[in-house]
Amino acid sequence: MYRNLEECILDLEKSGQLVRVHEEVDPYLEMAAIHLKVNSANGPALLFENVKGSKYKAVSNLFGNLDRSKLIFKNTLESTKSVIALRNNPMSILKNPFKHISSGISATKALPLKSLSSRMSEFQEIKISDLPLIHHWPKDGGAFITLPQVYSEDPEKPGIMNSNLGMYRIQLTGNDYILNEEVGLHYQIHRGIGVHQQKAKKMGIPLKVSIFVGGPPAHTLAAIMPLPEGLSEMTVAGMLSGRNFRYCYVDGYCINLDADFVITGEIYPDETKPEGPFGDHIGYYSLTHEFPVMKVHKVFGKPNGIWPFTVVGRPPQEDTAFGELIHEITGEAIKQEIPGIKEVHAIDEAGVHPLLFAIGSERYTPYAKVKQPAEILTLANRILGTGQLSLAKYLFITAEDDIPLDTHKKVEFLTYILERLDLHRDIHFQTNTTIDTLDYSGTGLNTGSKVVIAAYGDKKRELCTNVPYNLNDIGDFKNPRLVMPGIIAIEGSKFSDYQKEKDVLNEFANSIKLKGNMDSCPIIILCDDSTFISDSLSNFFWATFTRSNPSHDIYGINSFYENKHWGCDNMIIDIRKKPHHAPSLIPDSIVEKNIEHLFKEGGSLYNIV
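Conventions we followed
- Residues numbered from 1 in each chain as written.
- Predicted model: local features only at pLDDT ≥ 70, side-chain atom pairs only at ≥ 80, totals over all residues.
- Heavy atoms only, no water.
- Helix = DSSP H or I, 4+ residues; strand = E, 2+ residues; numbered from the N terminus.
- Buried < 20%, exposed > 50% of the residue type's maximum accessible area, 1.4 Å probe, protein only.
- Contact = heavy atoms within 4.5 Å.
- Pairing = 2+ DSSP bridges.
- Axes fitted to C-alpha atoms, helices over the stretch in contact; angles between N-to-C directions.
- Phe/Tyr/Trp six-rings, centres within 6.5 Å; stacked < 30°, edge-to-face > 60°.
- Arc of directions from axis to C-beta.
- Polar contact = N/O pair within 3.5 Å; in protein donor to acceptor, adjacent residues only side chain to side chain.

A. Up close: the environment of S520. If you trace the backbone, S520 turns up in the loop between α14 (498–514) and β26 (523–527). Exposure remark for S520: the relative accessible area of 24% places this residue in the partly exposed category. With 59 residues separating them in the primary sequence, S520 and R461 have C-alpha atoms 6.3 Å apart. Ignoring any residue separated from it by four or fewer positions in sequence, one finds S520 in contact with R461, E462, L463, C464 and G486.

B. Looking closely at the environment of I205. Tracing the sequence through the fold places I205 in the loop between α7 (192–203) and β11 (207–213). Taking the C-alpha atoms as reference points, I205 and Y268, separated by 63 residues in sequence, lie 7.1 Å from one another. Each residue touching I205, except ones within four places of it in the same chain, is listed here: P155, A200 and P269.

C. Molecular detail of the sheet that holds β26. The strand order across the open sheet built from five strands is β24-β25-β26-β30-β27, with neighbouring strands paired in mixed fashion. The strands lining the two open edges of the sheet, one partner per strand, are β24 (478–484) and β27 (554–557). Each strand axis lies, on average, 25 degrees off the axis of its neighbour in the sheet, ignoring direction. Sheet topology places β27 next to strand β30 (residues 570–574); four bridges connect them, and they run antiparallel.

D. Just the packing of aromatic side chains, in detail. One pass over the full model with this rule turns up 25 aromatic pairs. Summarising the aromatic geometry, the rings of F63 and F73 are spaced 6.3 Å apart at their centres and angled 15 degrees between planes, so their arrangement reads as stacked. Here F63 is found in the loop between β3 (57–60) and α3 (66–72), whereas its partner F73 is found in the loop between α3 and α4 (77–85), with 10 residues between them in sequence. Both residues of the pair, F63 and F73, count as buried.

E. Quick peek at helix α1 (residues 5–14). Those residues of α1 that fall on the buried side of the exposure criterion are L5, C8, I9 and L12. All buried residues of α1 lie within an arc of 100 degrees about the axis, which places them on one face of the element. Among the structural elements, β1 (18–21), β2 (45–48), β3, α3, α8 (217–222) and β18 (306–309) are those in contact with the buried residues of α1. Regarding α1, its N-cap is N4, as a side-chain oxygen of that residue lies 3.2 Å from the backbone nitrogen of E6 further along. Following α1 by one or two positions, G16 has its phi on the positive side, about 75 degrees.

F. Structural detail: the pairing of strand β13 (residues 253–256). Neither face of β13 is left uncovered, since the one carrying Y253 and I255 and the one carrying C254 and N256 both have all their residues buried. Pairing analysis gives four bridges linking strand β12 (residues 246–250) to β13, with the strands arranged antiparallel. Residue pairing for β13: Y247 is matched across the bridge by N256. The antiparallel hairpin formed by β12 and β13 contains two residues in its connecting segment, where D251 sits at a positive phi of about 55 degrees.

G. Quick peek at the sheet that holds β12. Judged by pairing direction, the sheet is mixed, and its three strands sit side by side in the order β4-β12-β13 without closing on themselves. Two strands lie at the open edges of the sheet, namely β4 (113–114) and β13, each paired on one side alone.

Written as structure tokens, this is what we have:
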């Protein structure tokens, strides 16, 4: 159990899980490039001892893989899982911790511990400009904090047990921000801090915010965990670290006494500034938009403070391991949240939020002569109305029958659905709704559509394992390639605009139709590069589900409407790049060359990759 970040770093170093980088490294692109190279090779955590322009050390890749993450929480993981499993009445555990023997010790560490402000002597007052100002991708708008713990309290019911600890990216420099006086906060309005801000706005007061950086790794993890109603992030931080969350108040701001750095400030009603661009976890830049600006009050740092950071981009990245660890801790919670659900899997290769696979139950019609989706349609609505699952665009859901299913076996799971999919019946759209802020495939910021593909019943077809002849020699459409059984990718001409492309797609569908039935191929992917799409499942999942808006980009062969329901014989998903899409993340080739010496003989990272 670690009292601070430094103890964790030393422990990882002893176990061979961390390497020190002694050479001076530039926080402008170089540190991020080094991280990405080491992370992609499943390498160790990195301690940068000589950050250009800052006296502070920085660490990255702490959670680079699931094994290392579990090592960090080896003493507290199981007991925390036990407490969260008792989620139906979590506060009762805190009131009577030894009622549940297996989780009692963990629960006693859950309540935050208020200390005297004299403990602030561990900190020095510093400036934003003193910090490692890490610029991650070439087109980023400035330097960002990528592992912040952003703390706010309910203005109507202040206090630590009515607080929110979330991970929302923080822009430190660039754009119109006044250095050392302002920082930008990027968050979605339905998240905890957004609720607090709306209440503060209604009351006509600024919202006080504290940004903690560093401290025990448990605090970082607590900031991103989806928790049961009534279970505070602060209590989970204590349970995971095996040590009560220690805090005090200075000038009305909460201070995490175990953090390495703390930035305090206020968000004023209706004050925004342009934030971004930022190379994001979906694999594209999130663009510049107006977001709340925080007026900096004070910045604190410990003399030996260590600045943790990560780099996000096209998955898998370090946040993939975060997701795996969170599933390890809370994986069973979804079954209690939505009775009837066996499994929900957010597909990491697709950027997590765009694509969900789910397994439910079918108990409504046990004696029906024809098996068809019923209960899973109800469950689909529950899934798309639950927490961050509500950000999904595509949900594939089925129920087990005689064959056990596993959503993590992606090809087998999709094959099972495609073999049973009734394209006249099983496609259900939700239009003009909310999607992830970071997803630019929709019709605007936070706006787009969803589709539920709910298939259940007896097997209807054998899936194609070769390209059907129907897809050969169709005008400007070329290079059809098999992605997996039942799914073919084919290249089209460059996308122009939706009005023109409707006619193009309808002509494409009619050309296939004239060649006869193609039941063995339920899904056709229209793309810019079919070789890329078919080269790996990772490419298929990433490009297909991050570059399409269901309501606008799904077409069909023999498509029809009946009683407001849309159906077809074969589904066509147009994933060609559109003018409104955000640009993909591309590393800087010069920076890649500049860091090569670190990996050569004599460099700190020799033989690491």
